[in-house]
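# Topology and contacts: notes
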Amino acid sequence: MSDFSHRMSFAVVVAISLVMTTLCTSCFGDEPDGCEADIEVVTLHVSSPEDFFFQATDSMQVVFSTDSVVTFAVRSGADVSALSPVLTLSTGATVEPASGSTHDFSQGPVIYTVTSEDGKWQRRYRVNVVPTMVTVTDTLRYDFEHYELETATQRYYMWHNTLPDGSLGNDWATANAGYRISMSTAAPMDYPTTPLAQGYDGAAVCLMTRDTGPFGRMANKRLAAGNMFLGTFDIRIAMSDHLHATRFGIPFTDRPDRFTGYYTFEPGPTVQDFYGNPIVGRTDSADVYAVFYRNHDTAGNEVVLYGDNVLSSDLIVAVAELDYVAPTSQWTAWDVKFEYREEVDEQLLANRGYSLAIVFSSSSAGGDFIGAIGSRLCVDKVRLICRHEE
Amino acid sequence: MFLAVMALGVNASVLDSIRFDARLGYALGGTIPTHIGKEIRGINSYYPGFNFTVAAEVSYPLSQHWSLHSGLRFELGGMDADSRVKNYDIEVVRGDESLSGIFNGNVRIKSAQRRITLPIQAMYSINDKWNVRGGVFMGWLTNRRFWGWAYDGYLREGTPVGPKIEMGTEPGDRGDFDFDANMRHMQWGIDFGVDCRIWRRWGAFAELTYGLSNIFKSDFHSVQPLRPLYGTLGIVYRIK
């Protein structure tokens, strides 16, 4: 009888274990089909890449999840009438027209439609291959007149610069998309980077250090400095690696000499530390600088500068920094000269081997989540004056 | 008057025949999805919490073999489950702010509850040694916690074609959630047990409890419906 009870108890234990084991393994159905429909990478293979691309690394473009336009800037003499881009897609996704199919890019962009493995989702991409003249300009003008609500969400503003031919470019980036992760209810004008209709001359851009709300407090990321920079913002790592989400710099084919513009800066009342505690006696400071750097390392890898090395990288060639952004509510001019650390290589310059980053931030230590909520830096009429060798 | 005396007489004999038990058990289990979807690809780890049950129970005989069994149980429940998911719908809410979308990666879920339960069971005594029981229970949560995080993966914000946001492992880099306030106070379900008298007043028991109510309120959709399921093993002492 005692033996029986032992066996019975054992049976119950086995039964319970079986239930748990069943839950843990055999109930899992077949792996669900993928629901993503991205082009992740576009690669262009051509017979003589050195005549086609400015840089060897230009043949491959990694596509951000938020991008739906992919542009290859190639040498002005390049033949783009029969190219076969190879597309890397989300797992299981299909694309029409097919990856590797041949198209004439001289007639404008080719539109690709990607369908997810489960067939429920689609994305459309425009791929451009644009023969690009290396232009030589005396002055680049950034007036912040062209802004609009971001197309997909309509939640925050983005800016366009005016290109030499009068069309609009996407050289300016902000971290507004990252702010949306923590503050989904914020209105467009409550984001860190907003337009100011009446600036020094027409519209200006306004950067304000903002509270990141309950999500920010939970994550010890209590504030978001307003920022605006030449480059791209990588939303993918905004949460996991924020200092690398700001990719500073765009290819630049002139020698910058002077960096000028107009600003107002009003520091917020109380600087707070990483934990949100006030730092008594400290006044918030803003960032206004431009960095000119080599965009490939010695091993030939493409490089952009990030939040943690934009002022310290070995690849920096010249810096123009407004040392002290004095608080003022009046529009105040700045004019700083680029301090060169090394000679500019003409050949490399012509091959788009240098990049330029212009960076504005309403709290200098915002990358470490230190600053004063309410600090406000407005910027207008930015000029980049270039010099040419005689 | 006669009836009253009769009633008292009956009550006295009823009281004599009622059996009182005390139980101490340890439960293994947790909350499980009502249906394990294809979205859950595997369990990385599972730890049952510190799940003790203390109960005082009564059995009221109805016939030679059948009794009505009830009582009060005080249960500590909890779990810590870590699973791998694909195309998993998540929504993280803090105050008025929310972040939702389709997550691919790992999800850690922890829960802890304190529950007072009233079981009502029919008990069948096979012989002097063995009893089997089955019935329903009502539970009231006096303390409830449900929290966790999505980590080492990425979220497609909003829809599968929305922005891709990577989530890391550390607090602040991952997606934390906390759904204490979304849990129901009341739970109900079914349970089955078997008791075995081993020595004098001492015996062993095993019980399987399955909640038929979602542990979350009906207007809560951030996590798929979960129900309690656990097995309890323990000792029982016949008080009278």
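How each quantity is defined
- Residues numbered from 1 in each chain as written.
- Chains lettered and ligands numbered in written order.
- Predicted model: local features only at pLDDT ≥ 70, side-chain atom pairs only at ≥ 80, totals over all residues.
- Domains from an automatic or database assignment.
- Contact = placed C-beta atoms within 7 Å.
- Nonpolar A, V, L, I, M, F, W, Y, C, P; charged D, E, K, R; others polar.
- Helix = DSSP H or I, 4+ residues; strand = E, 2+ residues; numbered from the N terminus.
- Pairing = 2+ DSSP bridges.
- Axes fitted to C-alpha atoms, helices over the stretch in contact; angles between N-to-C directions.
- Buried ≥ 20, exposed ≤ 12 C-beta atoms within 10 Å, placed from the backbone.
- pLDDT = per-residue confidence, 0-100.
- Core = buried A, V, L, I, M, F, W, Y, C linked by C-beta atoms within 7 Å.

Residue and element names in this part refer to chain A. For chain A, the assigned domains read domain 1 (39–131) and domain 2 (134–387). A straight line from the C-alpha centre of domain 1 to that of domain 2 covers 29 Å. The interface is formed by 7 residues belonging to domain 1 together with 10 residues belonging to domain 2. Here the side of domain 1 that touches domain 2 is composed, by residue class, of 3 nonpolar, 4 polar and no charged.

Listed as interface residues are 40 residues of chain B and, on the opposing side, 42 residues of chain A. Going through the elements one at a time, strand S1 (19–33), strand S2 (40–48), strand S4 (66–94), strand S5 (97–125), strand S7 (164–167), strand S9 (186–199), strand S10 (202–211) and strand S11 (226–238) of chain B are the ones with two or more residues in the side of chain B that touches chain A. Partitioned by chemical class, the residues of the side of chain B that touches chain A number 20 nonpolar, 7 polar and 13 charged.

As a further point, take the sheet that holds strand S4 (residues 86–89) of chain A. All names here are of chain A. The antiparallel open sheet is built from 3 strands, whose spatial order is S2-S1-S4. Among the strands making up the open sheet, the edge pair consists of strand S2 (60–62) and S4. Ignoring strand direction, the axes of neighbouring strands in this sheet form an average angle of 15 degrees. With 4 bridges joining them, strand S1 (residues 39–43) and S4 adopt antiparallel strand pairing. Bridging across to S4, Val42 finds its partner in Leu87.

Looking now at the sheet that holds strand S11 (residues 168–169) of chain A. Residues and elements named next belong to chain A. Reading across from one edge, S9-S10-S11 is the order of the 3 strands in this open sheet, with antiparallel pairing throughout. If you trace the sheet from one side to the other, it starts and ends with strand S9 (146–149) and S11, each paired once. Across 4 bridges, S9 lies against strand S10 (residues 157–162) in antiparallel orientation. Looking at the pairing, His146 lines up with His160 of S10.

Time to look at the environment of A:His146. All names here are of chain A. Relative to the assigned elements, His146 resides in strand S9. His146 gets classed as partly exposed once you count the C-beta atoms within 10 Å, which come to 15. When the C-alpha positions of His146 and Pro195 are compared, they lie 9.4 Å apart, and in sequence the two are 49 residues distant. Setting aside anything within four residues of it in sequence, one finds His146 in contact with Trp159, His160, Thr162 and Leu168.

So, about the environment of A:Glu342. With respect to the secondary-structure elements, A:Glu342 resides in the loop between strand S25 (339–340) and helix H5 (346–350). The spacing of A:Glu342 and A:Leu315 is 27 residues in sequence and 9.9 Å in space, taken between C-alpha atoms.

With that settled, the discussion passes to the confidence of the model for chain A. Confidence in the prediction for chain A averages 91 pLDDT; 92% of positions are at 70 or higher. Counting contacts from residues 1–18 of chain A, a segment whose pLDDT is below 50, to residues more than four positions away or on other chains yields 12 contacts.

This brings us to the nonpolar core. As a rule of thumb, nonpolar side chains are buried together in soluble globular proteins. Residues and elements named next belong to chain A. Core analysis: the biggest nonpolar cluster contains 109 residues, and Val205, Phe229, Phe248, Val291, Phe292 and Ala357 have the highest contact counts within it. When we break this core down by domain, the ones giving at least three residues each are domain 1 (39–131) and domain 2 (134–387). Those residues in contact with Phe248, other than ones at most four positions away along the chain, are Phe229, Gly231, Val291, Val304, Leu305, Tyr306, Val310, Ala357 and Val359. Judged by nonpolar contacts, the second largest core, of 10 residues, contains Val74, Ala78, Leu83 and Val129.

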